[in-house]
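# Reading the structure
What follows is each chain in one-letter form.
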Amino acid sequence: MAEVTLKNVTKVFEGNVLAVKDFNLTVADKEFVVLVGPSGCGKSTTLRCIAGLEEITSGEIYIGDRLVNDVPPKDRDIAMVFQNYALYPHMNVYKNLSFGLELRKIPKDEIDRRVREAARILDIEHLLDRKPKALSGGQRQRVAVGRAIVRNPAVFLFDEPLSNLDAKLRVQMRTELAKLHQSLQATMIYVTHDQVEAMTMGNRIVVMKDGIIQQVSDPLTLYNHPVNKFVAGFIGSPPMNFIEVEVVRQGNDYYVKNGNFTVLVKKDAYEKVKDYEGKKAIFGFRPEDLIDENIVKPEEKEGKLIKARVEVIEPLGSEIYLYLTSGKDSFVTRVPSHYKAELGQEVGFVVDLEKSHLFDIETEEAIY
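Residues numbered from 1 in each chain as written. Predicted model: local features only at pLDDT ≥ 70, side-chain atom pairs only at ≥ 80, totals over all residues. Heavy atoms only, no water.

Take the state of the cysteines next. Summed over the entire model, instances satisfying the criterion amount to zero disulfides. Cys-49 supplies the cysteine sulfur nearest to Cys-41, a cysteine that is in no disulfide, at a spacing of 13 Å. Taking the relative accessible area as the measure of exposure, Cys-41 reaches 1% and is therefore buried. By relative accessible area, Cys-49 is classed as buried at 1%. (Disulfide = S-S within 2.5 Å. Buried < 20%, exposed > 50% of the residue type's maximum accessible area, 1.4 Å probe, protein only.)

The structure is reproduced here in structure tokens:
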């Protein structure tokens, strides 16, 4: 397997459309890295540049120690799995798996060994005689992955391979691909717009917006320490709540304040917020970091309480999402399934200050 390095990679399409800008990333040997971001952020273009399907405008791409800028796709020692499976409809599964190897003049007994090994790993041995039209979406995707496995490439590239599957099958295939990475010990780069997929699969996640890397980190660091408002809002489901506030000082303490509530700033962030005194900022907190005031001791509510009105109730079985308003501000919280709430009811929630965030209102960079 191999390390993949992108140095200052930029891709500009015809009409001066900037797709990827100054992209720098090193994917370690045997690492599983996920590129994630909204549609049009440049993640699939980046993958296609690594594969050689798109020519980069500037920069350098290395696979192992080899500069591959001018190397055609077939000679880059990569295998790509596409969103639409891209299977040959007139060939059975066995032939779909073996065809690429036959073109490379691999000996027949070696082809047979690789095909049957891939089929065993993916549990599609019983499907080898079927044509793609006789397979379910999940089975077709396994065949597409199998076609990549038989080639023993240095790098696997996945371009939103699960987006055509239904929700239950997507979850199952996520698990299968994670197990596949463990068993093959392969270098894998995976593109998705689904942040849940990214969080559950990647060793590291690259969050992209408008062709630019926003943050690269492991899933928990991204979740707990986003570098800006975009990452904070993109990672997490439901997304982080954001409320415009003013930073004020009362005595020795700092607070974030708007027309409806006044909440303390966590003590270890005082040094970071002192320059924002009297200025606007964006206060962020996740839905799970609000605690029902009825289970909190009175002395622990001080400087942490937000009163709100219940606007929408979404029961999800194991938990409930409450959509709330506090004055003109809206936010969401998740509560246990036994929580009793009625539309229009006034409720109170305590903010877990240690997990709260504050962002600069202009740059949207994290203050803390």
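What follows is about the pattern of salt bridges. Working definition: two side chains of opposite charge can pair if their charged atoms are close together. Inspection of every chain in the model, using the stated rule, returns 16 salt bridges. Across the pair Arg-113 and Glu-110 runs a salt bridge whose closest N-O atoms are separated by 2.9 Å. With a gap of three residues between them, Arg-113 and Glu-110 both fall in helix α3 (residues 108–122), about one helical turn apart. In this structure, Glu-346 engages Arg-309 in a salt bridge whose closest nitrogen and oxygen atoms are separated by 3.8 Å. Taken together, the positions of Glu-346 in strand β19 (residues 346–351) and Arg-309 in strand β16 (residues 305–315) put the pair 37 residues apart, joining distant regions of the chain. Residue class for Glu-346 comes out exposed when judged on its relative accessible area of 53%. Each of Glu-110, Arg-113 and Arg-114 takes part in a single network of salt bridges with overlapping partners. (Salt bridge = Lys/Arg side-chain N within 4 Å of Asp/Glu carboxyl O. Helix = DSSP H or I, 4+ residues; strand = E, 2+ residues; numbered from the N terminus.)

Here Phe-285 shows up in strand β14 (residues 280–285). Here Phe-285 falls in the buried class, since its relative accessible area comes to 1%. With 57 residues separating them along the chain, Phe-285 and Glu-342 place their C-alpha atoms 23 Å apart. Setting aside residues up to four positions removed in sequence, Phe-285 forms contacts with Met-240, Asn-241, Ile-243, Leu-290, Ile-306, Phe-331 and Val-351. (Contact = heavy atoms within 4.5 Å.)

A separate point is the pairing of strand β7 (residues 155–159). For β7, the tally of buried residues reaches five of five residues, placing the bulk of the element in the interior. Alternating residues of β7 divide into Val-155, Leu-157 and Asp-159 and Phe-156 and Phe-158, and every residue in both groups is buried. Sheet topology places strand β6 (residues 78–81) next to β7; four bridges connect them, and they run parallel. Pairing of Ile-78 across the sheet is with Val-155, part of β7. Inspection of the sheet shows β7 paired to strand β8 (residues 187–192) by five bridges, in the parallel sense. Within β8, the position partnered with Leu-157 by the bridge is Ile-189. Where the polypeptide runs from β7 across helix α5 (residues 167–184) and back to β8, its parallel neighbour, the crossover connection is right-handed. (Pairing = 2+ DSSP bridges. Right-handed = clockwise from strand over helix to strand, strands pointing away.)

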